[in-house]
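In case you want the letters, here they are:
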Amino acid sequence: MSKIKKTGKMLNATNKLRNEMGRHFLAIEQAYREGKPTAWATAGTPVELLYSMGVQPMLPENSATISAALKKSQNFIELAEDQGYSYDLCSYFKTNVGAVLSNAEMSEGGTRKPTFMLSSDVICDTHVNWFQVQSERMGGVPHFTIDVPHVVSNTNNRQREYFKKYIKEQLWELLDFITEITGNEYNEAKAREIAQNSYEMGKIWQEVFELRKNIPCPVSTRDTFGGLFPLFTMTGLKSPIKLYKRMYKEAKERVDNGIGALEKEEFRLMWEGIPFWYQLKYFSTLEKFNAIIVYEPYVYAFTKYTNPNITLQDVLKNPVESMAELILSFWYIYDLKTRIEMFAKTVKEWKIDGVLLHNNYSCRPNSCGLYDLKKHLMDDYGIPCLIVDADMNDPRKFNEQQTTNKIESFIEILRKTKKK
Amino acid sequence: MKKIAYFDAAVETPEEIIIAADMIPVRLFGNPTIGIDRANEHVPPTHCVWARNILEQAIKGLDHDIKGVITTHGCDCTNREFDIWLECIKLPFLFFLNAPLKRNETALKFFIKDIKELIFQLEEQFQIKIVSDKIMEAIRKMNQIRNLLRDISDYRAKMILEGSEFHALVKRVQQIDKSEALEILKTKLEVLKNKKSHLDNKLKKILLTGSVIDDTEFIRFLESLGLHIIIDDICIGTKYFWNNIDENGDPIKAIAKYHLSKPIYSTKFPSYERFKILKYFTEKYKVDGVINIAQKFCEPVLYDHPYFSKKFKELEIPYLFVEMEYNRESYKQLTTRFEAFREII
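Enquirer: Outline the nonpolar core, listing residues and values.
Expert: Membership of the largest hydrophobic core comes to 235 residues, with the highest contact counts inside it found for Leu269 and Val355 of chain A. Once you skip the residues sitting within four places of it in the chain, Leu269 of chain A turns out to touch Leu286, Ala291, Ile292, Ile293, Val294, Ile352, Asp353, Gly354, Val355 and Leu356 of chain A.

Enquirer: Explain the packing of helix α7 (residues 157-182) of chain A against helix α4 (residues 105-126) of chain B to me, using residue names and the numbers behind them.
Expert: Packing of α7 of chain A against α4 of chain B brings their axes to within 10 Å, and their N-to-C directions diverge by 175°. As far as their axial angle goes, α4 of chain B and α7 of chain A are roughly antiparallel. In this structure, α7 of chain A contributes Gln159, Tyr162, Tyr166, Glu169, Gln170 and Glu173 of chain A to the contact, and α4 of chain B contributes Thr106, Phe110, Lys113 and Glu117 of chain B. Counted by class, the contact of α7 of chain A with α4 of chain B contains 3 nonpolar, 3 polar and 4 charged residues.

Enquirer: Summarise the packing of helix α15 (residues 336-349) of chain A against helix α17 (residues 370-381) of chain A; cite the residues concerned and give the values.
Expert: All names here are of chain A. One way to put it is that α15 packs onto α17 with a least axis distance of 10 Å and a crossing angle of 50°. Judged by the angle between their axes, α15 and α17 are oblique. Helix-helix and strand crossings are classified by hand; for α15 and α17 the assignment is right-handed. Residue-level contacts link Leu336, Arg339, Ile340, Phe343 and Ala344 of α15 to Asp372, Leu373, His376, Leu377 and Tyr381 of α17. Across the contact of α15 with α17, the residue classes tally to 7 nonpolar, 1 polar and 2 charged.

Enquirer: Run through the sheet that holds strand β6 (residues 227-232) of chain B, naming residues and quoting values.
Expert: All names here are of chain B. If you trace the 4 strands from one edge of the open sheet to the other, you get β6-β5-β7-β8, paired in parallel fashion. The open sheet has two edge strands, β6 and β8 (319-324), and neither has a second partner. The sheet shows a mean angle of 35° between the axes of neighbouring strands, taken without regard to direction. In this sheet, β6 lies alongside strand β5 (residues 204-210) in parallel orientation, the contact comprising 5 bridges. Looking across to β6, one finds that Ile206 is bridged to Ile229.

Enquirer: Please set out the pairing of strand β3 (residues 66-72) of chain B residue by residue, giving values where relevant.
Expert: Residue and element names in this part refer to chain B. Of all 7 residues that make up β3, 6 are buried, and the element is covered over most of its length. As paired elements, strand β1 (residues 3-7) and β3 share 5 bridges and run parallel to each other. Counted as the bridge partner of Ala5 is Val69 from β3. Relative to strand β4 (residues 93-97), β3 runs parallel, the two being bridged by 5 bridges. Within β4, the position partnered with Val69 by the bridge is Leu94. Remark: the β3/helix α3 (residues 76-88)/β4 crossover connection has right-handed handedness.

Enquirer: Can you break down the interface of chain B and chain A residue by residue, with the values?
Expert: The partner chain A presents 40 residues to the 43 residues of chain B that form the contact. Those elements giving two or more residues to the side of chain B that touches chain A turn out to be α3, β4, α4 and α12 (299-315) of chain B. The element contributing the most residues to the side of chain B that touches chain A is α3 of chain B, with 10 residues.

Enquirer: Give me the lowdown on helix α7 (residues 178-193) of chain B, citing residues and values where you can.
Expert: All names here are of chain B. The terminal C-alpha atoms of α7 lie 22 Å apart, and with 16 residues this matches the ideal 22 Å at 1.5 Å per residue to within 8%. Within α7 the residues assigned to the buried category are Lys178, Ala181 and Leu185. Buried residues of α7, seen end-on, are gathered within an arc of 45° and therefore sit on one face of the element. Among the exposed residues of α7, those oriented more than 90 degrees off its buried face are Ser179, Glu180, Glu183, Thr187 and Glu190. On its buried face, α7 sits against α1 (15-20), α5 (132-157) and α6 (163-173).

Enquirer: Describe the domain arrangement of chain A, with residues and values.
Expert: Residue and element names in this part refer to chain A. In terms of domain boundaries, chain A breaks down into domain 1 (12-185) and domain 2 (191-302 + 334-419). Measuring from the centre of the C-alpha atoms in domain 1 to the corresponding centre in domain 2 gives 24 Å. At the level of secondary structure, the elements contributing two or more residues to the side of domain 1 that touches domain 2 comprise α1 (17-34), α2 (47-52), α3 (60-69), α4 (73-82) and α5 (91-101). Across the side of domain 1 that touches domain 2, the residue classes tally to 18 nonpolar, 12 polar and 5 charged.

Rules used throughout
Residues numbered from 1 in each chain as written. Chains lettered and ligands numbered in written order. Predicted model: local features only at pLDDT ≥ 70, side-chain atom pairs only at ≥ 80, totals over all residues. Core = buried A, V, L, I, M, F, W, Y, C linked by C-beta atoms within 7 Å. Buried ≥ 20, exposed ≤ 12 C-beta atoms within 10 Å, placed from the backbone. Contact = placed C-beta atoms within 7 Å. Axes fitted to C-alpha atoms, helices over the stretch in contact; angles between N-to-C directions. Helix = DSSP H or I, 4+ residues; strand = E, 2+ residues; numbered from the N terminus. Parallel < 35°, antiparallel > 145°, perpendicular 65-115°, else oblique. Nonpolar A, V, L, I, M, F, W, Y, C, P; charged D, E, K, R; others polar. Left-handed = near helix turned anticlockwise from the far one by under 90°. Pairing = 2+ DSSP bridges. Right-handed = clockwise from strand over helix to strand, strands pointing away. Expected span 1.5 Å × (residues − 1). Arc of directions from axis to C-beta. Domains from an automatic or database assignment.

Structure follows, in structure tokens:
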């Protein structure tokens with residue numbers, strides 16, 4: 001892959017992310033040393049409840065992104081394929097299988113055998129299958145899964161109510177499951193403290209995103225994709241809040257001084273989907289066209305508190321039950337109709353010129369509906385869109401030259417559209 | 001008579017509710033003889049080939065008696081496609097049934113609520129009443145069908161009935177009026193009772209499992225290679241009639257319970273439990289080998305395969321896994337693999 005020159009400015013605070021990641025890994029090491037319970041969790045599960053129950057979470061998909069960033073994912077994926085897992089299966093999953101098989105260090109995407117596993121089908125079936133596979137391969141690790149009913153475009157409010165009830169009941173069952181395995185009891189006061197931190201962290205991220213509405217945009221994907229890690233793994237802890245506050249402060253200073261992350265901002269873009277973690281620098285390609293990504297629904301989704309019906313008071317009053325509502329209103333799983341509406345609204349608010357949609361071979365739930373999303377945004381709202389075919393963690397499925405050619409043509413379209 | 005179609009990878013749609021609504025439940029199947037064109041405008045070609053095939057047919061137009069479609073919770077592809085159906089299929093009734101992922105009491109309570117919602121929406125849309133007595137009547141009728149199918153299925157093991165003929169029969173039952181189906185099955189059973197074993201004993205006895213395998217031609221193709229499907233673990237097979245619904249008590253609860261207590265499919269959790277029924281079949285029917293078919297991009301089956309492979313190896317039972325395209329030309333390309341498997345078992 002060709003070398004790409006960095007020109008955009010990353011926030012200084014983002015550099016501190018490494019410290020947060022280090023803190024997370026140290027906490028894991030410490031948990032093992034002290035015999036504290038640990039759990040694997042999939043994205044979209046209420047990690048806050050694990051912290052509340054004194055369980056140290058580990059998120060293998062975030063570990064998988066580390067492998068990719070270090071250019072190690074392909075090797076791990078191929079090891080998993082040697083074990084019989086198809087070329088067409090999720091590359092996060094296969095990275096994890098390969099990493100565990102290789103006894104990879106945590107710093108390169110490895111992870112350790114947990115006390116138990118927590119998955120959910122809120123985002124995808126793969127999460128559930130993944131942990132079933134690994135639970136068995138690791139000798140039978142206890143595994144709890146949260147079944148989240150699938151919300152579709154014609155789901156009514158009556159249905160949403162009993163969907164929520166179903167999730168709530170499972171969350172209480174989860175706490176019983178954890179108590180049974182670890183002996184740790186649910187502590188409401190601790191749960192409130194964790195919930196408060198989680199809420200605060202989500203809201204600060206949202207405020208950072210609000211700043212990105214400004215022209216020029218003060219924050220690029222280097223900060224958002226780069227700064228995402230704690231949103232998955234450390235929700236409920238205090239330390240990442242400090243980091244995000246620093247990011248906010250710095251971004252605000254840029255806004256106040258009219259400084260953008262990009263020297264010359266000409267085109268403002270949205271990126272839908274997971275990035276290619278093995279080639280994050282590729283996003284710098286956009287900079288040579290004076291284009292910057294100002295919004296990523298994937299990143300925003302993990303700010304969690306996107307449902308205006310859920311206030312801080314709700315979260316503090318019902319730390320467990322409010323999670324059910326949040327799980328159901330998670331940005332990443334919006335039904336097609338809501339997805340189209342939210343995209344159109346976001347494009348308007350963030351003054352976006354065009355949308356890049358990642359048809360991710362590994363993430364079928366996200367890519368299903370992408371074609372209709374594109375069609376509606378273009379036909380109903382006149383928003384230029386481009387579909388990029390690739391994979392989040394498997395570099396074999398990324399054709400750099402083809403992608404660059406497509407983006408180049410897309411930028412030309414944007415240029416013409418803007419002139420009109 | 002009006003028809004309600006269902007798009008379901010795991011046969012967890014309560015047909016009894018549709019029957020009680022005086023409509024005919026019709027299961028949607030793929031058609032491997034058509035090309036996929038229009039569906040590819042909506043769903044990327046790297047998604048489940050079977051689900052795209054059915055979408056293609058629906059876009060081009062379903063039977064005009066079909067007044068609605070129920071999509072029942074299956075995998076990521078079938079679930080997510082529902083919104084696309086809402087976009088491009090103009091029918092008065094489209095309902096997504098959230099058949100739960102799990103198999104416990106909490107899931108059961110939830111499923112009952114979702115079936116009640118289905119009833120409510122059917123009643124509202126078609127201005128009808130679906131009463132308990134009629135649901136119970138439908139349960140009894142479906143139980144008769146299940147009993148007959150179980151009896152008929154045994155004739156495969158007795159080397160009297162070809163697997164392909166049985167497959168076609170189950171498929172037909174899932175698509176026609178159930179009173180007619182009942183008569184067909186009764187007649188068929190009588191015919192079979194008077195038949196003697198005539199299938200070649202040299203045929204290899206196979207347990208078939210995997211994705212939705214709905215093309216009877218594929219079963220005929222296997223037979224042409226000397227592989228007889230003596231038993232199966234698929235939804236156009238034993239998963240459709242494994243046990244009966246309780247005829248006592250609350251009919252909706254009984255229906256929900258039936259679906260959550262039958263052998264699990266790869267789309268549900270914990271899908272590894274599927275191995276238990278496979279093992280049971282291999283022992284009961286003394287099969288020569290197991291064939292696991294994954295339709296291209298069928299993720300649930302792809303995830304389960306390495307585990308099944310390992311377990312059958314431990315049991316020293318020959319196991320063949322094949323991932324295939326959903327078109328008949330591709331069958332021929334697989335001839336060598338199936339022939340080689342036949343040779344080693």
